[in-house]
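Survey of secondary and tertiary structure
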Amino acid sequence: MPKKKASQKPKQSRFTKPSFTLSPKNKIILGSFLVLFGLALLIAFISFLFNWQADQSVLGQLGDREVKTQNLLSKFGAGISNFFIYEGFGIAAFALAILTITSGIYFFFNLNKQALKNFWFWGVLVMIWLSVFFGFFAPSNSLLGGTVGYEMNDYLQDYLGFTGTVLLLTFLLVVYMVARLKLTPEKILIYFRNTKKDIKEDFKNYSDTTESTSGETAYTEPLEEDLDHASAEPSEEISEEPEDESQPQPQPAPEKIVIKSQENPDDVEMEVETAVEEAVEDKLSKKLVEDYGEFDPTLELKNYQFPTVELLKDYNANGGGITINQEELEENKNRIVDTLKNYKIDIAQIKATVGPTVTLYEIIPEAGIRISKIKSLEDDIALSLSALGIRIIAPIPGKGTIGIEVPNKNATMVSMRSVIASPKFQHAEMELPMALGKTISNETFVVDLAKMPHLLMAGATGQGKSVGLNAILTSLLYSKHPAEVKFILVDPKKVELTLFNKIERHYLAKLPDTEEAIITDNTKVINTLNSLCIEMDDRYELLKDAMVRNIKEYNTKFKARKLNPENGHRFLPYIVLVVDEFADLIMTAGKEVEAPIARLAQLARAIGIHLIIATQRPSVNVITGIIKANFPARIAFRVTSKIDSRTILDSQGADQLIGKGDMLFTQGNTLLRLQCAFVDTPEVEKITEYIGSQKAYADAYQLPEYSGEESGTGLDIDVSERDKLFREAAEVIVLAQQGSASLLQRKLKLGYNRAGRIIDQLEAAGIVGPFEGSKARQVMVQDLESLNRLLDE
Ligand SMILES: Nc1ncnc2c1ncn2[C@@H]1O[C@H](COP(=O)(O)OP(=O)(O)OP(=O)(O)O)[C@@H](O)[C@H]1O
């Protein structure tokens, strides 16, 4: 799961090594010891089979040097064999020798230890089973079943009887075949079917070769391996012999067909080569999946419970839902007809669709009336209808009718509960589904953030932005497991997103060594954005290495165990960066945030990093051209002017909304009017508490480390390059205890650039602290004496 990420080395493993590790040298020593010890056991056991009777009489005197034994390994061989075979498991004890040799080989070649553990587990079980089996069928032969087999069989027969023991042994055999050998009835069938097919084909090929006379079509049989056949082999050992990945897999030979012209036999013959598709499933991953199943990213929090719908308030519980007010509809219709009549526009037909906040009146004008005429009268008609929130759509795209949206007198609230519980959201097959609200025809509107791929939200204060952000975050919490998505929350207002602190260790991502996961300080945003850029670059490296084009393909490949975590591969959760009050950020940090945001917006779509940016002030210096170009999906809540509306949506309309979550959404060209789902703070609190009270990861998801300018890396200024006024400037700053360039400008009568350079030099010398946005820098030196000491050093 999420582990701390080294910034510069994407290939570095994220998994902590177990504390018990042997050095490669010791592994070789232990490996060779185990192999030789296993061989000794094997020799002793074999020898014991022939000499046990002779040696048994001297077993009591093994301490006596004079006593001779027949075993090839003398007293040691006789003693240990008697212990394991006669007094132990009978001939099944040979399994111990084999297990010891295999363990030695695993250590010697440093192979996968998990497979070895499996091998021991099943090996010991088989040994016990065989011992009981022989104890059952040959109780009189103490060498076959050993004492353990005899006693266990005796014990079982006392309690289960003869038949019960047979049934138990059979059942255990079936368990072994299914669990270990992965034998299923289908596989057995396939095996027999394939064998039959192979025999038939061989027979056919044989008769073909004997019968064929002319070689008009030369056909080379592809060397394709019959994978089905191979997988049906029940005796194929899976984890014991992991394949060497570095060994190139044999590639199937291309299929060749030589075509000769039928009409003119003298023509040059053409060879057509069609590549036989590569066997994509490499065997190792297939075996791993067979052994352990697909990788499950949610395993670490496998008992995680998604929040229930009951946590959300049902605002429409008492007879809620949209109420159709006939009177109001009639009144509005008459007003529309009358107003249009004033402009000499006759109506052929009118249809009303009642939505939660507005009703759409769709008008088909009389024949001969040009839509462009109505379009040019848009503003006048809106004025004549004189109601806030009227929007005229002429024509409705794809319909050829004219739409007039008129707000309802009593708007119906769209509760988050209703959209979350809707089948559209519940069955949404999306990567990052967001239930934004309801459309004008009262349908739940769900979109995929992963497809957007970034979202820009704007609206004047108090029009529903924060509720909108909460609705988006709530949707994602209801649909994604903590392993699948991580949020980075930037909240300069410090109050809007604080509730999400409770789910820090489940869903949030943060920089290493930072206290708070929710970023409220603008300077920290810069570091986080740059760190996110590093994460982006790392992820691209991983994708390149895995030879896939996007995060979805990458994760699918990782789950199928085709990517090795030892090479730095890991399951990649989506990362959603949410910035509330983007304007504030741009004002204080300007280019420093714009550059990484633009970079992320341009490049991050394929690797699962998505940005949601909200702002109150949709002016062009906040939503710059470069940002707009990379945020095709936009949401506009009510804004105060047409200009603002144009800045966000490239068209007017947002200024005519009625507020309270009434919004326009665009993902390219068409504008869609939606009523945003309402989720109140207590509801969010309940959800976060519900999630927060469950078992969490040890820490928030760690972003790569980014050493910003404050660490001095970018400011390694040579002492000789210091300004002539450096010392004087340092004194001014220390005396005033205020690290600002403007102070230097005033006191030393310097230009802005020179003062700025001196401030950088002072920072490099450790006299002032790092840049802190609009605030003056901190002065790190208390008085002139300390300053002199520092500079003399
Ligand atoms: N979808 C909605 N349905 C009903 N009422 C809403 C909706 N969204 C917002 N409101 C109402 O509008 C109020 C202000 O909303 P919100 O706090 O989201 O505004 P805002 O745009 O974030 O303001 P600010 O920028 O000042 O934070 C809410 O308290 C609520 O009463």
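The chain is annotated in an unreviewed UniProt entry as DNA translocase FtsK 4TM domain-containing protein from Salinimicrobium gaetbulicola. Under Sequence similarities (unreviewed entry), UniProt gives the following word-for-word description of the chain: "Belongs to the FtsK/SpoIIIE/SftA family." Quoted verbatim from the Subcellular location (unreviewed entry) field of the UniProt record, the comment on the chain reads "Cell membrane".

**Quick word on the overall build of the chain**
Regarding its fold elements, the chain presents 26 helices and 17 strands. Each of the 793 residues in the chain was classed as buried or not, and the buried ones make up 35%. Long-range pairs, those at least 24 residues apart, make up 68% of the contacts in the chain with a sequence separation of at least 6.

**Examining the sheet that holds strand β14 (residues 633–636)**
Spatially, nine strands are ordered β8-β7-β16-β15-β14-β9-β13-β12-β10 in an open sheet, and the strand pairing comes out mixed. Of all the strands in the sheet, the pair left with one neighbour each is β8 (444–448) and β10 (485–490). Across the sheet, the mean angle from the axis of one strand to that of its neighbour is 30 degrees, orientation sign disregarded. Taken strand by strand, helix α21 (residues 642–649) contacts β9 (455–458), β14, β15 (662–666) and β16 (671–676), and its axis lies near 155 degrees from that of β14.

**Focus on the site of the ligand**
Every one of the 14 residues lining the ligand counts as a neighbour, but T461, G464, K465, S466 and G661 are closest to it. Take the shell around the ligand: its biggest share by element is three residues, from helix α14 (residues 465–479).

**Remarks on the environment of V779**
Tracing the backbone shows V779 in the loop between α25 (752–764) and α26 (784–792). In this structure V779 comes out as buried when scored by C-beta crowding, with 20 C-beta atoms within 10 Å. Leave out the neighbours within four places in its chain, and V779 touches I733, V734, Q737, Q738, G739 and V768.

**Examining α21**
Buried within α21 are the following residues: D644, S645, T647, I648 and L649. Along α21, the residues classed as buried sweep out an arc of 165 degrees about the axis, all on the same side. Where α21 terminates, the next one or two residues include D650, which has phi positive at roughly 65 degrees.

**Examining the UniProt feature "binding site: ATP" (unreviewed entry) in the chain**
The residues that UniProt annotates with the feature "binding site: ATP" (unreviewed entry) are G459, A460, T461, G462, Q463, G464, K465 and S466. Within the secondary structure, T461 sits in the loop between β9 and α14. One can find G464 in the loop between β9 and α14.

**Quick notes on the sheet that holds strand β3 (residues 347–354)**
The strands making up a sheet associate through hydrogen bonds between their backbones, and the pairing can be parallel or antiparallel. Taken in spatial order, the four strands line up as β3-β4-β6-β5 in an open sheet, and their pairing is antiparallel. Both edges of this open sheet fall to β3 and β5 (391–393), since each of them pairs with a single strand only. Here the strands of the sheet are splayed against their neighbours by 20 degrees on average, with no regard to which way each runs. The pairing of β3 with strand β4 (residues 358–365) spans seven bridges and is antiparallel. Paired with K351 across the bridge in β4 is E362. Here helix α9 (residues 326–342) sits on the sheet and contacts β3, β4 and β6 (402–407); the angle it forms with β4, its principal contact strand, is near 40 degrees.

**Quick look at the confidence of the model for the chain**
When pLDDT is averaged across the chain, the result is 79; 83% of the residues are at 70 or more. The model gives residues 1–19 a pLDDT under 50, and that stretch makes 32 contacts with residues more than four places away or in other chains. In the predicted structure, residues 710–714 sits below a pLDDT of 50 and forms four contacts with residues beyond four places in sequence or in another chain. Across the predicted assembly, pTM comes out at 0.58 and ipTM at 0.96.

**Description of unusual backbone geometry**
Cis geometry is adopted by the peptide bond preceding P453, which originates at M452 and carries an omega value of -5 degrees. Counting through the fold element by element, P453 comes out in the loop between β8 and β9. The residue K494 is not glycine, and still its phi comes out positive at about 65 degrees. Structurally, K494 is set in the loop between β10 and α15 (504–507). Note on K494: 11 C-beta atoms within 10 Å, which makes it exposed. Although it is not a glycine, K660 sits at a positive phi angle of roughly 55 degrees. Within the element layout of this structure, K660 appears in the loop between α21 and β15.

**What to know about the environment of K493**
Looking at where K493 falls in the secondary structure, it is placed in the loop between β10 and α15. The contacts of K493, once residues within four sequence positions are left out, are D580 and E581.

**Let's talk about the packing of α14 against helix α22 (residues 681–692)**
Relative orientation of the contacting elements α14 and α22 amounts to 30 degrees, with a least axis distance of 11 Å. As summarised for this structure, α14 and α22 are arranged roughly parallel, according to the angle between their axes. Here α14 runs over α22; the crossing is left-handed. Contact residues: α14 offers N470, T474 and L477, while α22 offers V684, I687 and I691. Residues belonging to the contact of α14 with α22 are distributed by class as follows: four nonpolar, two polar and no charged.

**Remarks on the pairing of β9**
What you see with β9 is no split at all: L455 and M457 on one side and L456 and A458 on the other are buried throughout. Relative to β14, β9 is paired through four bridges, and the arrangement is parallel. Considered in β14, the bridge of L456 is made with R634.

**Some remarks on the packing of helix α23 (residues 726–736) against helix α24 (residues 741–748)**
Packing of α23 against α24 leaves a shortest axis separation of 10 Å and a crossing angle of 115 degrees. Considering how the two elements wind past one another, α23 and α24 form a crossing that is right-handed. The segment α23 lies against α24, with E728, A729, V732 and A736 engaging L743, L744, K747 and L748. Each residue belonging to the contact of α23 with α24 can be placed in one class, and the counts come to six nonpolar, no polar and two charged.

Rules used in this analysis
Residues numbered from 1 in each chain as written. Predicted model: local features only at pLDDT ≥ 70, side-chain atom pairs only at ≥ 80, totals over all residues. UniProt positions renumbered as here; feature names shortened; annotations may be inferred. Helix = DSSP H or I, 4+ residues; strand = E, 2+ residues; numbered from the N terminus. Buried ≥ 20, exposed ≤ 12 C-beta atoms within 10 Å, placed from the backbone. Contact = placed C-beta atoms within 7 Å. Pairing = 2+ DSSP bridges. Axes fitted to C-alpha atoms, helices over the stretch in contact; angles between N-to-C directions. Near = placed C-beta within 6 Å. Arc of directions from axis to C-beta. pLDDT = per-residue confidence, 0-100. Parallel < 35°, antiparallel > 145°, perpendicular 65-115°, else oblique. Left-handed = near helix turned anticlockwise from the far one by under 90°. Nonpolar A, V, L, I, M, F, W, Y, C, P; charged D, E, K, R; others polar.

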